[in-house]
Amino acid sequence: MANDNFSSLSISPAQIANLESLGYKKMTPIQAQSLPHVLKGKDLIAKAKTGSGKTAAFGIGLLNNINPRFFGVQALVICPTRELADQVGKELRRLARFTQNIKLVLLCGGKPLGPQIGSLEHGAHIVVGTPGRLQDHLRKGTLVLEGLKTLVLDEADRMLDMGFSDVMDDIIAYTPERRQTLLFSATYPDTIEKMSRSIQRKPVSVTVEAEHSSSVIEQLFYEVKKHERNNSLLGLFEHYQPDNAIVFCHTKIQCDEVADFLRGHQIDALAIHGDLDQRERDQVLVRFANNSCAVLVATDVAARGLDIKSLKAVINYELPRDPEIYTHRIGRTGRAGEKGIALSLFTQSEQFRVNAIGDYQKKPSICDVPESLDRLSSYTLHAPMVTIQLDSGRKNKLRPGDILGALTGEAGLSGSQIGKIDIFDMSSYVALESSAVRQALNYLAQGKVKGRSIRARKIK
Ligand code: AMP
């Protein structure tokens, strides 16, 4: 059993103190197994999922390799989606707090190139980004990787699934041969092993089981007729009455239709899928995470990397073909010792998927019929919070404390009426109890935040 104290690692006392301040008392299994090798400069192939602490498993390693006095990109993390890149960027910034001088730049698609080029010109030590946009910058010569020491491929299997194989090869061709390559993947298909062989040098291989134990996630499978799916979905909500939920669908059209259907039945739901532009995706994710939308209807790709602290239910409107995807979906609930439920609808012709999940989990899948559910015809599900958007953000040097200060100061709100505050480059989002929205908007219509007038509106 590897030692799971951070102090057993050869990292600086300042980093150990920082980890303590983040509340990381012990290493997670993936960290305990990976970090000793990563810190020795070895290549690593790790089978680990979001939620396992994998970001710190590579983050602590790559930060240890950075020389802040050399203004070149020394670490590159490639992620499949913007949401994951965003999350990885945030975690790396927290891990980098032990030193003042490390600069991280996010390079994701859906954002203008100009400001990204500007940030790169100012010097970046770490770049986190999505494949297409990284390739754009490399081709333009605005991103230079000659001094790269650490390359990380995060959720590599997902990047291959999304068709990024050639783009990744192209990006890797811009990196020096002498580099450390850390490859993280939730699954190990042949394509991943082939990729590892072509880009890694004698990698140490590490596997950890998912963090959640299935015992805290109650799983039930409901057999439905094809045309009854919507009605049965409603039945699941009425019977289980979760405070919030993610509903997984296969297609974008299905996501929109199911979200419309739920809204038509007094359930606050929003769809998220690849057709939304970046601003719309940000807004949907912010509203779900800050409790102003109760149900997210998502495709697997759109929900990738989503990390909601307290998710009550995962509902599979349709079962995925691959039991691993099922396991990954339901792993989002039942976090941190909380109880979660995973409910799945399937038709007779999809019975084999239920069986495959049972085989994969090495325990029988428990099936039921929707007719056994107690229905509550007066059921509604409305999120407790409302989001307001401010037309000012990080670029205006706005911080959460400024907003909190203005709203609890002159605007007269109490702290308990204000929820999560999310700051983006050009705008910010504030979750408010619905009873406080009018008061907040009235104040913002005339009053100031940090000495400036700011426009605010409620998001519907
Ligand atoms: P990840 O799998 O990297 O997405 O991490 C999942 C969550 O675990 C993140 O919210 C991290 O901040 C948190 N985390 C990572 N390492 C530790 C640790 N050693 N102790 C406690 N929390 C951790």
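Whatever comes next refers back to the structure up there.
Residues numbered from 1 in each chain as written. Predicted model: local features only at pLDDT ≥ 70, side-chain atom pairs only at ≥ 80, totals over all residues. Heavy atoms only, no water.

**Q** What's the story with the overall build of the chain in this structure? I'm lost.
**A** In terms of regular secondary structure, the chain is built from 17 helices and 20 strands. The C-alpha radius of gyration of the chain comes to 23 Å, within 12% of the 23 Å expected for a compact globule of 460 residues. Projected onto the principal axes, the alpha-carbon positions of the chain cover approximately 65 × 60 × 40 Å. Looking at the chain as a whole, 54% of its 460 residues are labelled buried. Considering only intrachain contacts with a sequence separation of at least 6, the fraction spanning at least 24 residues in the chain is 75%. Treating the 59 positive side-chain charges of the chain as one cloud and the 51 negative ones as another, the clouds have centres 7 Å apart. (Helix = DSSP H or I, 4+ residues; strand = E, 2+ residues; numbered from the N terminus. Rg over C-alpha atoms; globule rule 2.2 N^0.38 Å. Buried < 20%, exposed > 50% of the residue type's maximum accessible area, 1.4 Å probe, protein only. Contact = heavy atoms within 4.5 Å. Lys, Arg positive; Asp, Glu negative; His and termini not counted. Charge placed at Lys NZ, Arg CZ, Asp CG, Glu CD.)

**Q** I'm lost on the site of the ligand in this one. Help?
**A** In the vicinity of the ligand, 14 residues are found, and the nearest of them are Tyr 24, Gln 31, Gly 51, Gly 53 and Thr 55. One nitrogen or oxygen atom from the main chain of Ser 52 is found 3.0 Å from an oxygen atom belonging to the ligand. In the environment of the ligand, an oxygen atom lies 2.7 Å from a nitrogen or oxygen atom belonging to the backbone of Gly 53. When the ligand sits alone it has 500 Å² of accessible area, and the protein chains cover 78% of it. (Near = heavy atom within 4 Å. Polar contact = N/O pair within 3.5 Å; in protein donor to acceptor, adjacent residues only side chain to side chain. Areas by Shrake-Rupley, 256 points an atom, 1.4 Å probe, with all protein chains shown as cover.)

**Q** Even after reading the chapter, I still don't get the side chain of Asp 154, so can you show me in this structure?
**A** Locating Asp 154 in the fold gives a position in the loop between strand S5 (150-153) and helix H7 (156-161). Polar contacts involving the side chain of Asp 154 include one to the side chain of Lys 54, which spans 2.8 Å.

**Q** Where do I start with unusual backbone geometry in this structure?
**A** As a rule of thumb, non-glycine residues mostly have phi less than zero, and peptide bonds are mostly trans rather than cis. With a phi angle near 40 degrees, Lys 202 is a residue other than glycine that sits in the positive phi range. Among the structural elements, Lys 202 can be located in the loop between helix H9 (190-199) and strand S7 (204-207). Even without glycine at this site, Asn 291 takes up a positive phi of about 75 degrees. Relative to the helices and strands, Asn 291 is located in the loop between helix H12 (278-289) and strand S11 (295-298).

**Q** What is the right way to read the sheet that holds strand S17 (residues 428-433) from this model?
**A** The strands making up a sheet associate through hydrogen bonds between their backbones, and the pairing can be parallel or antiparallel. With antiparallel pairing, the four strands of this open sheet are ordered in space as S16-S17-S15-S20. Either end of the sheet is taken by a strand with one partner, and the two such strands are strand S16 (418-423) and strand S20 (456-458). Taken pair by pair, the neighbouring strands of this sheet meet at an average axis angle of 25 degrees, ignoring direction. Of the strand pairs in this sheet, S16 and S17 are connected by four bridges, and their pairing is antiparallel. Counted as the bridge partner of Ile 418 is Leu 432 from S17. (Pairing = 2+ DSSP bridges. Axes fitted to C-alpha atoms, helices over the stretch in contact; angles between N-to-C directions.)

**Q** Just to check I follow, could you spell out helix H4 (residues 82-95) for this structure?
**A** Residues that lie three or four places apart on an α-helix share one face, since the helix turns once every 3.6 residues. In this model, H4 (14 residues) spans 20 Å end to end at C-alpha, consistent with the 20 Å of a helix rising 1.5 Å per residue. Those residues of H4 not exposed but buried are Glu 83, Leu 84, Ala 85, Val 88, Gly 89, Glu 91, Leu 92 and Leu 95. (Expected span 1.5 Å × (residues − 1).)

**Q** What is the right way to look at the environment of Tyr 174 in this model?
**A** Examined against the element boundaries, Tyr 174 turns out to sit in the loop between helix H8 (165-173) and strand S6 (180-185). Put simply, Tyr 174 and Leu 138 are 36 residues apart on the chain and 7.5 Å apart in space, counted from C-alpha to C-alpha. Apart from residues no more than four positions distant in its own chain, Tyr 174 is found in contact with Leu 138, Arg 139 and Leu 145.

**Q** What's the story with the nonpolar core in this structure? I'm lost.
**A** Residues Phe 58, Leu 62, Val 77, Leu 92, Ile 126, Val 128 and Phe 184 are the most contacted members of the largest nonpolar core, which totals 42 residues. At six residues, helix H3 (residues 54-64) tops the list of elements feeding residues into this core. Contact partners of Leu 62, with chain neighbours within four places excluded, come to Ala 75, Val 77, Ile 126, Thr 150 and Val 152. Val 224, Cys 255, Ala 271 and Val 297 belong to the second largest nonpolar core, which has 31 residues in total. (Core = buried A, V, L, I, M, F, W, Y, C linked by side-chain atoms within 4.5 Å.)

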